[in-house]
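What follows is each chain in one-letter form.
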Amino acid sequence: MSVPLKTISQVSELRQELAAYRREGKTIALVPTMGNLHQGHLRLVEEAKRHADLVVTTIFVNPLQFNAGEDFESYPRTLEADQTMLASAGCNLLFTPSINEVYPNGQDNQTRVVVPGVSEGLCGQKRPGHFDGVATVVTKLFNFVQPDVACFGQKDYQQVTVIRKLVDDLSFAIKIIEVPTHRTPEGLALSSRNGYLTPEQLVKAPALYTVLKNMAQTLTTGNTHFHELTHTARARLAEQGFAPEYVEVRNLDLSPASLDAKSWVILIAARLGKARLIDNLIVQRDSN
Ligand code: PAF
């Protein structure tokens, strides 16, 4: 059901608006995004609605989390379509700040939030400084909105892990809700960057999920030769036209996979044409 969606771009107006809701005793859920919304984002909004009286979605393409040569300039900006989708999903408030509104003192001089350990390796290694940019903007969004809960997609597993540590270490009174990855019927995890895929690549792309499922299946049968498994998975991906960046099995807290863990997460990043795709799968070990 469509609800009236109010769009605000100034921090001062946002704070004023939210203060009024808080005075009425209403709880607030935050859904941070970079826009170009798809069904996966709408799942976040739907989940957010279950946990709070008011849902605030933010759309901000954060320059701090892009490296030189990445797609900051070309990242798809589709505000009108996003507003229509958010209204139909029942989002109440949309915050669309400018870069200057978020970083009024400039980006170079901006205080950064660094989350050690979990920000390193995986995407953190391939995209140096990326998670510092994410942690910095998410901290600012938390301060702007002061939500009771915030929803993040499980597709960005390392990002959610970074944010959980950030919330814990900086004592934010915010509950983090992780929403399962939304997939196409063929298994491709929804992502704004899927828009970079050609029709042929869109047909190939679900192979990434097949590789994850096959690895998970092998792990559950008791094969814990992690190195061999990841090596084979990389070869499978390369055969299908992907350029794998990493394939790793980790413990759920992203520490190196231990043989006695009850569950693991398999994480993959691979390029397919112009798109850099990431995906992951949690493997529960057979208790028998
Ligand atoms: O996942 C994203 O879209 C972004 O990394 C986030 C959390 C909105 C921060 O810019």
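Going by the structure above, here's the rest.
Quantities reported herein were computed from a predicted structural model and do not represent experimental measurements.

Examining the site of the ligand
Step number 1: Every residue close to the ligand is listed here: Pro 32, Thr 33, Met 34, Gln 65, Val 137 and Gln 159.
Step number 2: At 2.6 Å, a side-chain N or O of Gln 65 approaches an oxygen atom of the ligand.
Step number 3: Gln 159 is positioned with one of its side-chain polar atoms (N or O) 2.7 Å from an oxygen atom of the ligand.

Observations concerning the nonpolar core
Step number 1: Within the largest apolar cluster, 45 residues are counted, with the highest numbers of intra-cluster contacts made by Leu 14, Phe 142 and Ile 176.
Step number 2: Aside from chain neighbours lying at most four places away, what touches Phe 142 is Leu 30, Pro 147, Ala 150, Phe 152, Ile 163, Leu 166, Val 167, Phe 172, Ile 174 and Ile 176.
Step number 3: Of all hydrophobic cores here, the second largest spans 28 residues; its members include Ala 205, Leu 208, Ala 216 and Ala 270.

Regarding the packing of helix H9 (residues 207-220) against helix H10 (residues 226-239)
Step number 1: Contact geometry of H9 with H10 gives a least axis separation of 10 Å together with a crossing angle of 155°. It follows that H9 is roughly antiparallel to H10 by the angle criterion. Classified by chirality, the crossing of H10 by H9 is right-handed. Contacts from Leu 208, Val 211, Met 215, Thr 218 and Leu 219 in H9 reach Phe 226, Leu 229, Thr 230, Ala 233, Arg 236 and Leu 237 in H10.
Step number 2: For the contact of H9 with H10, the class distribution of residues is 8 nonpolar, 2 polar and 1 charged.

Brief notes about the sheet that holds strand E6 (residues 175-179)
Step number 1: Spatially, E1-E4-E3-E2-E5-E6 is the arrangement adopted by the 6 strands of the open sheet, whose pairing is parallel. Edge positions in the sheet fall to strand E1 (6-8) and E6, since each has one partner strand and no second. Pairwise comparison of adjacent strand axes, ignoring direction, gives a mean angle of 25° for this sheet.
Step number 2: Both strand E2 (residues 28-33) and strand E5 (residues 149-153) contribute to a ladder of 2 bridges, which runs parallel. When the sheet's bridge partners are listed, Ala 29 is paired in E5 with Val 149.
Step number 3: Sheet strands touched by helix H3 (residues 79-89): E1, strand E3 (54-59) and strand E4 (93-95). Its angle to E3, the strand with the most contacts, is close to 165°.

Reading the values: the criteria
- Residues numbered from 1 in each chain as written.
- Predicted model: local features only at pLDDT ≥ 70, side-chain atom pairs only at ≥ 80, totals over all residues.
- Heavy atoms only, no water.
- Near = heavy atom within 4 Å.
- Polar contact = N/O pair within 3.5 Å; in protein donor to acceptor, adjacent residues only side chain to side chain.
- Core = buried A, V, L, I, M, F, W, Y, C linked by side-chain atoms within 4.5 Å.
- Buried < 20%, exposed > 50% of the residue type's maximum accessible area, 1.4 Å probe, protein only.
- Contact = heavy atoms within 4.5 Å.
- Axes fitted to C-alpha atoms, helices over the stretch in contact; angles between N-to-C directions.
- Helix = DSSP H or I, 4+ residues; strand = E, 2+ residues; numbered from the N terminus.
- Parallel < 35°, antiparallel > 145°, perpendicular 65-115°, else oblique.
- Left-handed = near helix turned anticlockwise from the far one by under 90°.
- Nonpolar A, V, L, I, M, F, W, Y, C, P; charged D, E, K, R; others polar.
- Pairing = 2+ DSSP bridges.

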